Amino acid sequence: MPITLAKGGNLSLSKQDPNLTKAVLGLGWDVRSTDGQDFDLDASAFLLTAAGKVRADSDFIFYNQMRSSDGSVEHTGDNRTGAGEGDDEQIKIDLSRVSADVQTVSFTVTIHDAEARRQSFGQVRNAFIRLLNEQTGAEIVRFDLGEDFSTETAVIFAEVYRNAGEWKFRAVGQGFAGGLGALARNYGISL
Amino acid sequence: MTQLSAGEKRKLSDLGLSSPLTVTVEHGLSGLDISAFGLTAERKMVGDDYIAFYNNPRTPQGEITAQLGDAQATFSVDLGKLPANVERVMFTATHDSQAVASAPQLKVSLGSLQSGGVSFDVKSSLKAEKAAMLLELYKHSGEWRLGAVGQGFGGGLGDLIVYFGGEVEAPGVAAPAAQAAPSGPPISLKKQAQVRLDKQIAAQAPQLVSLVKQAEVSLRKRGLDEHTARVALVLDISASMSPLYRSGVVQRVAEKTLALASRFDDDGRMDVFLFGLRAHDVGEIGIEGVTGAIDNLLKKHPLEGGTMYAQAVQSLRKHYFGSAGPRNSPLRQPTPIYVIFITDGETFDKKESEAQVREASQEPIFWKFVGVGKEKFEFLQKLDDLTGRFIDNADFVQIENIDTTQGDQLYEMLLQEYDSYLENAKRQGLL
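1. Some points on the pairing of strand S15 (residues 279-286) of chain B
Residue and element names in this part refer to chain B. Relative to S15, strand S14 (residues 269-275) runs antiparallel, the two being bridged by 7 bridges. By the bridge assignment for S15, Met270 is matched with Ile285. The hairpin turn running from S14 into S15, its antiparallel successor, is 3 residues long.

2. Some remarks on the sheet that holds strand S17 (residues 365-372) of chain B
Residues and elements named next belong to chain B. With respect to topology, 6 strands assemble into an open sheet ordered S15-S14-S13-S16-S17-S18, the strand pairing being mixed. Edge positions in the open sheet fall to S15 and strand S18 (394-399), since each of these has one partner strand only. Adjacent strand axes in the sheet meet at a mean angle of 20°, parallel and antiparallel pairs treated alike. With 6 bridges connecting them, S17 and S18 associate as parallel partners. From the neighbouring strand, Val370 faces S18, where its bridge partner is Val397.

3. Quick notes on helix H9 (residues 350-360) of chain B
Residue and element names in this part refer to chain B. Among the residues of H9, those classed as buried are Ser353, Glu354, Gln356, Val357 and Ala360. Viewed end-on, H9 has its buried residues packed into an arc of 165°, placing them on one side of the element. For H9, the secondary structure elements touched by its buried residues are helix H8 (309-321), S17 and helix H10 (378-384).

4. Topic: the interface of chain B and chain A
Each side of the interface is counted separately: chain B has 25 residues, and chain A has 18 residues. Between chain B and chain A, the buried area comes to about 1,700 Å², and carbon and sulfur atoms account for 41% of it. Linking chain B to chain A there are 0 salt bridges. Connecting chain B to chain A are 6 residue pairs in polar contact (both at pLDDT 80 or more). At 5 residues, the largest contribution of residues to the side of chain B that touches chain A is made by strand S12 (residues 143-153) of chain B. For the side of chain B that touches chain A, the class distribution of residues is 9 nonpolar, 8 polar and 8 charged.

5. Topic: the pairing of strand S9 (residues 128-133) of chain A
Residue and element names in this part refer to chain A. In terms of burial, S9 is a largely internal element, 6 of the 6 residues being buried. Burial along S9 is two-sided: the face carrying Phe128, Arg130 and Leu132 and the face carrying Ile129, Leu131 and Asn133 are both buried. Two elements, S9 and strand S10 (residues 139-144), share 5 bridges in a ladder whose sense is antiparallel. When the bridges of S10 are listed, Phe128 appears paired with Asp144.

6. With respect to the pattern of salt bridges
For the structure on display, the rule yields 28 salt bridges over all chains. For Arg67 of chain A, the salt bridge identified is with Glu74 of chain A, shortest N-O distance 3.5 Å. You can call Arg67 of chain A partly exposed: its relative accessible area is 45%. Overlapping salt bridges, with partners in common, bring together Lys221, Arg222, Glu412 and Asp419 of chain B in one network.

7. Observations regarding the sheet that holds strand S12 (residues 166-176) of chain A
Adjacent strands of a sheet pair through backbone hydrogen bonds, lying either parallel or antiparallel. Residue and element names in this part refer to chain A. With respect to topology, 6 strands assemble into an open sheet ordered S2-S12-S11-S8-S4-S5, the strand pairing being antiparallel. Among the strands making up the open sheet, the edge pair consists of strand S2 (10-12) and strand S5 (60-61). For strand S4 (residues 41-48) and S5, the ladder comprises 2 bridges, and the chain directions are antiparallel. Residue pairing in the sheet places Ala45 in a bridge with Ile61 of S5.

8. Here's the deal with the environment of Asp267 of chain B
Residue and element names in this part refer to chain B. Mapped onto the elements, Asp267 comes out in the loop between helix H6 (249-264) and S14. Owing to a relative accessible area of 15%, Asp267 belongs among the buried residues under this scheme. Between the C-alpha atom of Asp267 and that of Ile287, which follows or precedes it by 20 residues, the distance is 9.4 Å. Once residues within four sequence positions are removed from consideration, Asp267 is found in contact with Thr40 and Leu197.

9. Description of unusual backbone geometry
With an omega dihedral of 0°, the bond running from Ser19 of chain B to Pro20 of chain B counts as a cis peptide bond. Along the chain, Pro20 of chain B falls in the loop between strand S2 (9-11) and strand S3 (21-26). The phi dihedral of Ala164 of chain A is positive, around 45°, even though this residue is not glycine. The backbone of Arg43 of chain B shows a phi angle near 60°, a positive value even though the residue is not glycine. Within the secondary structure layout, Arg43 of chain B lies in the loop between strand S4 (33-39) and strand S5 (51-52). You can call Arg43 of chain B buried: its relative accessible area is 10%.

10. Notes on the packing of aromatic side chains
According to the stated counting rule, one finds 27 aromatic pairs over all chains in the structure shown. An angle of 40° between the planes, with centres 5.1 Å apart, marks the rings of Phe366 of chain B and Tyr421 of chain B as tilted. Placement of Phe366 of chain B in strand S17 and of Tyr421 of chain B in helix H12 (residues 418-427) is noted, with a sequence separation of 55 residues between them. Taking the relative accessible area as the measure of exposure, Tyr421 of chain B reaches 2% and is therefore buried. Through a chain of ring-to-ring contacts, the aromatic side chains of Phe275, Tyr309, Phe341, Trp367, Phe369 and Phe379 of chain B assemble into a single cluster. Above the plane of the ring of Tyr161 of chain A lies Arg170 of chain A, whose end atom (NZ or CZ) is 4.3 Å from the centre. Above the face of the Tyr163 of chain B ring, Lys44 of chain B is positioned so that its terminal group lies 5.9 Å from the ring centre.

Criteria and cut-off values
Residues numbered from 1 in each chain as written. Chains lettered and ligands numbered in written order. Predicted model: local features only at pLDDT ≥ 70, side-chain atom pairs only at ≥ 80, totals over all residues. Heavy atoms only, no water. Pairing = 2+ DSSP bridges. Helix = DSSP H or I, 4+ residues; strand = E, 2+ residues; numbered from the N terminus. Axes fitted to C-alpha atoms, helices over the stretch in contact; angles between N-to-C directions. Buried < 20%, exposed > 50% of the residue type's maximum accessible area, 1.4 Å probe, protein only. Arc of directions from axis to C-beta. Contact = heavy atoms within 4.5 Å. Buried area = accessible area lost by both parts, 1.4 Å probe. Salt bridge = Lys/Arg side-chain N within 4 Å of Asp/Glu carboxyl O. Polar contact = N/O pair within 3.5 Å; in protein donor to acceptor, adjacent residues only side chain to side chain. Nonpolar A, V, L, I, M, F, W, Y, C, P; charged D, E, K, R; others polar. Phe/Tyr/Trp six-rings, centres within 6.5 Å; stacked < 30°, edge-to-face > 60°. Lys NZ or Arg CZ within 6 Å of the ring centre and 35° of its normal.

This is the structure in structure tokens:
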């Protein structure tokens, strides 16, 4: 039975699905319905220590670096327009292989070339993130981001994090200006 | 004055703005038509009355009025007076032959008595669009906000009408609003919308086709074939309902209700509410999503161990009228709400339920309580005959087996008393 979280809510993945080791994060949004340049949204993941920073640039998983060095997180590829049903992008995570010093994996979406295209999350509709068990295909938790955004060009959708020996999922929904660059710098990536 | 950028969204209250608002579009391009569309939460048109444009400068209750000049358009908007189903007001600019951005300037300003307000320079956001959405006012979490849109369509007004859920007669032909003579009636979208809806039903939910026909017959009998209402389906999700969900009965009830809704509501959608121990306002179901809809809802909202009618009634009153509190005077709105309330057992909160139904009698909403199964439903009968109400706003019907009840008979039961309610509500000023 999948759970829908509201912004800020969290859920124990270990309790919800005790057999979960390999998960898929599916992220989606609606394609642009008016004329003009499509929204090209990119999903990324950041592997973070307890200090909230990456250990190295290799902890930043995105369209140009699709696998983490420990092999625990893998990006399945870019979708350029948001067309099609269901998830627009997916990122896989093998919880059993996440390095012990990684406390949190943060899942973010940014608008490619937002400034030049004059685009922002205020224009993107029906964005969501959901977590599935890769082995059973069952959806475990979902977060619909709603219309709470305005001029933000980067949004942290959700986090998967360790808590007292369990893995938990938190619906974050926090936006930033400055796109992927600002977000990456925030997590300690040198650009 | 605050400058907005494309995509920016702000709460009106954060900008010091409050209703009534003045919205001014300065453009200086001859032949540029500026309009205001009243839309649902899903950006669909609610009807031709709720488009303020050169042919219809005033919405029915004067909620939106337009003063349209050659180089400038000014609207006054009283958000508080808009009917509950108008949750967005979109200001648009369209031109028959030229790009909207070819105007010497294109600036939208918003102000209210207390504030100098904000403005949005739209021109730089547009390229070759002949129809552009400039700015919208919209309700989110019960509060009005504004969004600077600055997007549109190269195909002009026709594309815009389609985007708002309307239909344009034939490709290449100008959209209705563009060709309407100034003295002619406002564009008629209801019939066109119905045709479009029937095509959609045949393609996406063929199981509804014969139900729609049965619903039409029952509506015609009661003189309701031209009637417009919003339809709400309220479903009991207490654990005892489990067999009805498992066997698909509730799904079929939803389909039967949607068939009715497709005649009442020209967007062919209904609002769905679930209740057990708590009430859940779960959004709309339309033709495209009806197949399998109930299973999908149950995945998100498992059955609950209790039955609380009052919470459900409160949830609807909040949804449609903004508050579930006591009401001191009757509330008038152009479009009534028709509710089908399905339950299989008595409520735990009888006193609160009575109070809620009483308060709601001052609102343009009709409650059809449907008791499913063989229970006695003494309390529902009591609600039907409840004293101390402004007008009789509820009817109870018991249907032992909703699945085997013939379609025409079922619709008769569901519509019983609704026509007399409407007459009464009009007389008493609710509609």
